[in-house]
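Here are the chains, one letter per residue:
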Amino acid sequence: MDNQKLSSIALIGGGPAALFMLKEIVNQNLAVEHISIFEKNERLGVGMPYGKYGARKEHLANVSANEIPALIDDVPTYLSRYAGTDFPDYYAHGKSNPYQVLPRLLLGDYLENQFHQYIALAIKRKIKVEVFTETEVIDLVYDRANEFYSVFTATDVEYEAEMVVICTGHYWPETFEGKIKGWYDSPYPPTKFDQMTNFPVAIKGASLTAVDAVKTLSRLNGRYIVENDQVSYVLHEESPNFAIHLFSTGGYLPALRFHSEEEPYAVSWSMTLDEIYEYKEKNDGFVDLDYVFEGNFKCPLQKSDPAFYEKIKEMTIEEFVEEMLRIRNELDSFTLFRAEYLEAKKSIDRRQSISWKEKLAAFSYAMNYPAKHFSAEDMLRLRRVLMPLISVIIASLPQESYREIIALYEAGVIDHIQVDKASQVDPHHDFGAIYSYMDTEGKQKKTHYQLYVDGTGQQPLEFNDMPFEGIKNEGLISTGYLNFKNRAEGEKYFNEKGYHVKSSTNNFYMQVKGLSINDHFQALDAFGSATKNLFIMAVPFIGGLNPDYSGLDFCDTASERIVKFIKNKG
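Because the structure is predicted, anything quoted here is derived from the model rather than measured. (Residues numbered from 1 in each chain as written. Predicted model: local features only at pLDDT ≥ 70, side-chain atom pairs only at ≥ 80, totals over all residues. Heavy atoms only, no water.)

Undergrad: Provide a residue-level description of the overall build of the protein chain, including the pertinent values.
TA: For the protein chain, the count of helices and strands is 15 helices and 24 strands. Computed over C-alpha atoms, the radius of gyration of the protein chain comes to 24 Å, within 12% of the 25 Å expected from 2.2 N^0.38 for 570 residues, which places it in the range of a compact globule. Along the first, second and third principal axes, the C-alpha set of the protein chain runs to 65 × 60 × 55 Å. Across the 570 residues that make up the protein chain, the buried fraction comes to 55%. Carbon together with sulfur atoms contributes 47% to the accessible area of the protein chain, which is approximately 25,900 Å² in total. Here the protein chain contributes 59 positive and 81 negative side-chain charges, whose respective centroids are spaced 2 Å apart. (Helix = DSSP H or I, 4+ residues; strand = E, 2+ residues; numbered from the N terminus. Rg over C-alpha atoms; globule rule 2.2 N^0.38 Å. Buried < 20%, exposed > 50% of the residue type's maximum accessible area, 1.4 Å probe, protein only. Areas by Shrake-Rupley, 256 points an atom, 1.4 Å probe, with all protein chains shown as cover. Lys, Arg positive; Asp, Glu negative; His and termini not counted. Charge placed at Lys NZ, Arg CZ, Asp CG, Glu CD.)

Printed below as a string of structure tokens:
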């Protein structure tokens, strides 16, 4: 496509992913005549997390202003130029500390503002931009003869585009919500909780999504009191029996935000494509997880914290994770929560990073791109061994949220229950759910809750969850797979239940969550070939080959790679 102008690009979804796509189209001067942006809700830029469908005033982002990828204005500049009514303390001469996290709704206002500025820039560069808000796309169909995509909307209008980028963002398939009273498949939108609950509620999960549910439900049933920077919680008189029970298999509460010395995530942290293919040529066609862990975690750690590096330099991944989780397994989760808060507070007060946590977060981001080239064995190791630790560390719970959770704990309102991996939640025949599990003492429990919320967060979605039947039926997208490096290992998993392993003439390969994509986020068809002009940035649908959900940083990096590829391909 060198020196050729694209006639049209359709961005399916108008949230943060579409914002960063538009940013890169403008910044890289991509030659395109027409951009159509389809957003099912009424606002651009905010997606689910940063608008009313994912947040209320009390919900905070888990990134600070200085960690947001570069846009036209940085956050302090935006706050100084625009007067807002919902968060007056943050505007003009108010709070503009770049290290401070922002309310998600305020961050949404900022992202929306930047989106419209990029639209203006695109128009200034003679690109026709059409925005269709409150317009849900219900199908995509490819015309092979004329090489264009038909975009079908819920308003029965059809549009055409030469290229499509799917930016649909978060998506929660419904199970029993709306069918069983008191059952919720997610805490979103938070406005669906609109009345007091004078009884214990169950929340599955104990990380950021669960914290969102905690913030919403606690405010319906009581109030937080702040005096001299100390937070306490008092139940409403009408809700004396309200309580929150968090359930998790790991038994860990999320790690707290600390001071980071690194610049925001950068493409340079990861292996380049040349490095990936050069390594594969010398190593049986795979990138080894141990190699990436050494290069993107241990080596940077050696420079930033030599003493800590000396302690762990000879450890395998399994040994390292076991050591890091050892203290977490020895302490009660709230005791550890308090200790981690003090550690994080010291880090912030002294402007000193906690190096191993910072480097682990950087590794989590960096390993996304070589992950498509892991063996099935290494992907299993990553998910079983490393991700349980990574998911706790990169949560980065804001200190304000910590103080609220501790206030609930001190008021006797919240409890954290560790359950076995075989635990299950079933709908009650009348309302709510039955939580069945074995506790840490080996006792089997079965408890009925009048209100149950799945707070485990966005899970990877499967091929069948993709709502666009046209591209499914035409074989333009396919399920993701990884080959086993060791035939005997593949055969072992092939014979075990619970693993989607298939065999070919000379190999075994494992199905992973979601769709198959290449290094440029281009969809792969049923034959493993790149589908012309179809790119997927919807993280839930590529989670199998893109294991870390890195939010705005993912959107920034993926957009840059997609646009660079479009410009350079022949």
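Undergrad: Lay out unusual backbone geometry in plain terms, naming residues and giving numbers.
TA: Residue Pro-189 is bonded to the preceding Tyr-188 through a cis peptide linkage, with omega at -10°. Position of Pro-189 among the secondary structure elements: in the loop between strand E10 (183-184) and strand E11 (200-204). Unusually for a residue other than glycine, Asp-156 sits at a positive phi of about 65°. Note that Asp-156 resides in the loop between strand E7 (148-153) and strand E8 (158-161).

Undergrad: Mind laying out the layout of surface pockets, listing which residues take part and the relevant values?
TA: Rolled over the atoms, a probe as big as a water molecule pinpoints where empty space is left. Roughly 1,100 Å³ of volume is contained in the second largest pocket. Where the lining of the second largest pocket is concerned, the elements lending two or more residues are strand E3 (60-64), strand E4 (101-103), strand E12 (222-227), strand E13 (230-235), helix H9 (333-350) and helix H12 (399-410). Grouping the constituent residues of the lining of the second largest pocket by class yields 15 nonpolar, 8 polar and 16 charged. (1 Å grid on protein atoms, 1.4 Å probe; cavity = no way out; pocket = protein on both sides within 12 Å on 5 of 7 lines; lining within 4 Å. Points joined across faces, edges and corners; volume = space filled by probe spheres on them. Nonpolar A, V, L, I, M, F, W, Y, C, P; charged D, E, K, R; others polar.)

Undergrad: Mind laying out the pattern of salt bridges, listing which residues take part and the relevant values?
TA: Inspection of the entire model under this criterion finds 29 salt bridges. Across the pair Asp-290 and Arg-381 runs a salt bridge, and its minimum N-O distance is 3.3 Å. Of this pair, Asp-290 sits in helix H6 (residues 289-304) while Arg-381 sits in helix H11 (residues 376-393); the two residues are 91 residues apart in sequence, bridging distant segments of the chain. Arg-381 is the salt-bridge partner of Asp-378, the closest N and O atoms lying 3.3 Å from each other. With Asp-378 and Arg-381 both in helix H11, this residue pair falls 3 residues apart, about one helical turn. Among the charged side chains, a salt-bridge network with shared partners connects Asp-290, Glu-318, Asp-378 and Arg-381. (Salt bridge = Lys/Arg side-chain N within 4 Å of Asp/Glu carboxyl O.)

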